[in-house]
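Here's the letter readout for the chains.
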Amino acid sequence: MPLPPRPALLDETLRIVARRYRVPATLAGDTDPTVSSQRHCATRLAVAIDQARQALASATTPPASVKQCFIDALAQLIHEAMRPDQGDPAIQAMVLRHQAPQVREYASLSAGAEADRRDVVAAVNAIAHPAKLERMPAGALRTVLARLQAAASAASWPALAAAVTQLESLRGTASDPGKDLADGPANAPDNTAANDPDNASANAPDNASANAPDNASANAPATDPATDPTNDPALARSLSRLRDGAALERLQRLDELALDSWVRRYQALWNRNGPRSSSPGAVAQGVAAQQRGAAVEARASQALQALADRLNAAPDGNATYRVVTSMRVPPALPGDADRAKSEWDAALLRRADAPNVPNAPAAPPAAWDVCLLVEAKASVDAASTDFARLLRGLARLAQAEPGMTYPFHTHQGPVPIRGASLAALPTGDTDLSGAVLYCSDAPADPAPRLLNAACRMQLLSAPASVAYASELAQGRPADTRGLQAVWQSLLTSPQWAGVLNQYPQLYLVRELMVHADDLLAAAQQAVM
């Protein structure tokens, strides 16, 4: 069955909905230096970058004035980031890494610390899990294994290394019954007693305690080596893993570096930047973000449901519309799933087999068509970060086979969706406004930030920018000519294409973004 025409009420709703996040399609530079200098440096950077993009698109070289504006604005942005009390702690931490080798080593070890911790704890639990310790008989082995487990639980890596050494010694003692862990060799000759001819008690045959075969404590091993728990192969493997692997050594080195004054400064900067990963503060932030996201999704789906209700109540309507949430892309859909959106927050669907005659009895729905996709975001920055995934997600949906029906799982249950409606979705640079919306509840900012956060970070973390910031941090006069390397990368490097094209992308994102209240109002007010 061919796709029916789009409902006029939907198009009218999208036409009249307020676009409070909208920005101009292009950025015009100001030729008056006095006016230009009154803009914030981030805004001047965004303007210079877009002027360079427009020049390159016209196959011309950006003017020298644009280049100088870019370099001056970037230098000022770096100055702002390096202010001791009000600057950017992430950039200041990056500069510390640039200056101090011990900070670089600490940062490198920290990146793999969680994996190292898991590796060490797994090796410890294999031989000293609390449940396993409870089943072990009392004795030296259990005591040392308990120390090993306590050290792992407390992340006390020096104590854990000491417990490993004790276990190695204990295993060595068990394998040599004549060796005592505490006092050294038990059967070493006592020169005073052995060689003194007057020492009758040392060699007298009546000294039963010295040579009697019944004295098991003198010469017989306390435990059969075959059943000695210290000879357990699992114990040997875990000790080898802890002793020979580099994970425990790296964790100990990390603790040593944490005492360095430069490293403590680095840690303080990162603490200002937000709670550490997996910390209680980070967990609380994650929970709050999830709750905020769920609230935005609920408002977006409410507005979309109002639109579906209007469409279902239209006097000349003969179709059935519904809203589904958390629409998950099935694995059977063709196309590359790598870094593509795999779940859509909300979707407006139309029943594909709707009767053509008003008031005719409806047959059980066989499938649905996609009319509009909605993504809920708490901010413009969140939408900008998501936009590349959204485009890849649309591209994958559009590769659906028109003659196929695909089962999508949603919060409302499984929903079969026709491939023909998916294949008709726009992709790439085509007009997306009739197919997808970003929906938010964030207030509109009176002065929109024109340089997005990701591009700002890439500009500040460029090697030339970090070198310039390092000179500032050491109180030396910094030469802005070194920042020309960033300008050249912007114009020529594929890795900088995202920065060069950041404003057109920002424009598209803001064009697609509506407030949930505005969408609800438009759905209620639209007339055909």
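Residues numbered from 1 in each chain as written. Predicted model: local features only at pLDDT ≥ 70, side-chain atom pairs only at ≥ 80, totals over all residues. Heavy atoms only, no water.

Of note in this structure, Ala59 is not a glycine but carries a positive phi near 60°. Note that Ala59 resides in the loop between helix H3 (41–57) and helix H4 (64–81). Overall, Ala59 belongs to the exposed group, its relative accessible area being 73%. One non-glycine residue, Arg339, lies in positive phi territory at about 60°. Inspection of the secondary structure puts Arg339 in the loop between strand S3 (321–328) and strand S4 (343–351). (Helix = DSSP H or I, 4+ residues; strand = E, 2+ residues; numbered from the N terminus. Buried < 20%, exposed > 50% of the residue type's maximum accessible area, 1.4 Å probe, protein only.)

What follows concerns helix H26 (residues 516–525). Along H26, the residues that are buried comprise Ala516, Asp518, Leu519, Ala522 and Ala523. The buried residues of H26 occupy an angular sector of 160° when the element is viewed end-on, so they sit on one face. Exposed and oriented more than 90 degrees from the buried face of H26 are Gln524 and Gln525. Against helix H1 (8–16), helix H18 (280–313), strand S8 (436–440) and strand S9 (513–515) lie the buried residues of H26. (Arc of directions from axis to C-beta. Contact = heavy atoms within 4.5 Å.)

It is worth spelling out the environment of Ser421 at this point. One can find Ser421 in helix H20 (residues 419–423). Overall, Ser421 belongs to the buried group, its relative accessible area being 4%. Residues Ser421 and Pro4, spaced 417 residues apart in sequence, show a C-alpha to C-alpha distance of 9.8 Å. Contacts of Ser421, omitting those with residues within four sequence positions, involve Leu3, Trp368, Asp369 and Val370.

It is worth spelling out the pairing of strand S6 (residues 405–410) at this point. Residues Tyr406, Phe408 and Thr410 line the buried face of S6, whereas the alternating positions Thr405, Pro407 and His409 sit on a face that is not buried. Strand direction decides the pairing type here: S6 and strand S7 (residues 413–418), joined by six bridges, are antiparallel. If you follow Thr405 over to S7, its bridge partner there is Arg418. In this antiparallel pair of consecutive strands, S6 and S7, the connection spans two residues. (Pairing = 2+ DSSP bridges.)

Attention now goes to the nonpolar core. Counting 74 residues, the largest nonpolar core has Phe70, Trp344, Leu373, Leu397, Leu422 and Leu459 as its most contacted members. It is H4 that provides the largest number of residues to this core, a total of nine residues. The contact partners of Leu459, leaving out residues within four places of it in the chain, are Leu45, Ile49, Phe70, Leu74, Leu451, Ser465, Val486, Trp496 and Val499. Counting residues in each nonpolar core, the second largest holds 39 residues, with Ala128, Trp157, Leu170 and Leu248 among its members. (Core = buried A, V, L, I, M, F, W, Y, C linked by side-chain atoms within 4.5 Å.)

Where helix H19 (residues 380–397) meets helix H25 (residues 502–512), the axes come as close as 10 Å, and the angle between the chain directions of the two elements is 115°. You can see that H19 and H25 cross each other, and the crossing is right-handed. Mapping the contact onto sequence places Val380, Ala383, Ser384 and Phe387 in H19 and Gln505, Leu506, Leu508, Val509, Arg510 and Leu512 in H25. The residue inventory of the contact of H19 with H25, partitioned by class, reads seven nonpolar, two polar and one charged. (Axes fitted to C-alpha atoms, helices over the stretch in contact; angles between N-to-C directions. Left-handed = near helix turned anticlockwise from the far one by under 90°. Nonpolar A, V, L, I, M, F, W, Y, C, P; charged D, E, K, R; others polar.)

With that out of the way, let us pick up the confidence of the model for the protein. Averaged over all residues, the pLDDT of the protein is 85; the fraction at 70 or higher stands at 83%. The low-confidence segment residues 176–227, where pLDDT is below 50, has 17 contacts with residues more than four positions distant or belonging to other chains. (pLDDT = per-residue confidence, 0-100.)

A few words on the environment of Met94. Structurally, Met94 is set in helix H5 (residues 89–99). In this structure the C-alpha to C-alpha distance between Met94 and Ser470, which are 376 residues apart in sequence, comes to 9.4 Å. The contact partners of Met94, leaving out residues within four places of it in the chain, are Met457, Ser461 and Val466.

In total, this model carries 27 salt bridges according to the counting rule given. The shortest N-O distance in the salt bridge between Asp50 and Arg53 comes to 2.7 Å. You can see Asp50 and its partner Arg53 sitting in helix H3, three residues apart, about one turn around the helix. Judged by relative accessible area, Asp50 falls into the buried class, the value being 0%. Take Arg53: its relative accessible area is 18%, and that puts it in the buried class. The partner of Arg250 in a salt bridge is Asp116, and the shortest N-O contact between them spans 2.7 Å. Residue Arg250 is located in helix H16 (residues 247–257), and its partner Asp116 is located in helix H7 (residues 113–128); the two are separated by 134 residues in the primary sequence. The network of salt bridges with common partners includes Lys341, Glu375, Lys377, Asp386 and Arg389. (Salt bridge = Lys/Arg side-chain N within 4 Å of Asp/Glu carboxyl O.)

A separate point is the side chain of Gln267. Mapped onto the elements of the fold, Gln267 is located in helix H17 (residues 261–272). On the basis of relative accessibility, which here comes to 15%, the residue Gln267 falls in the buried class. The residues contacting Gln267, other than those within four sequence positions of it, are Tyr106, Ala258 and Arg276.

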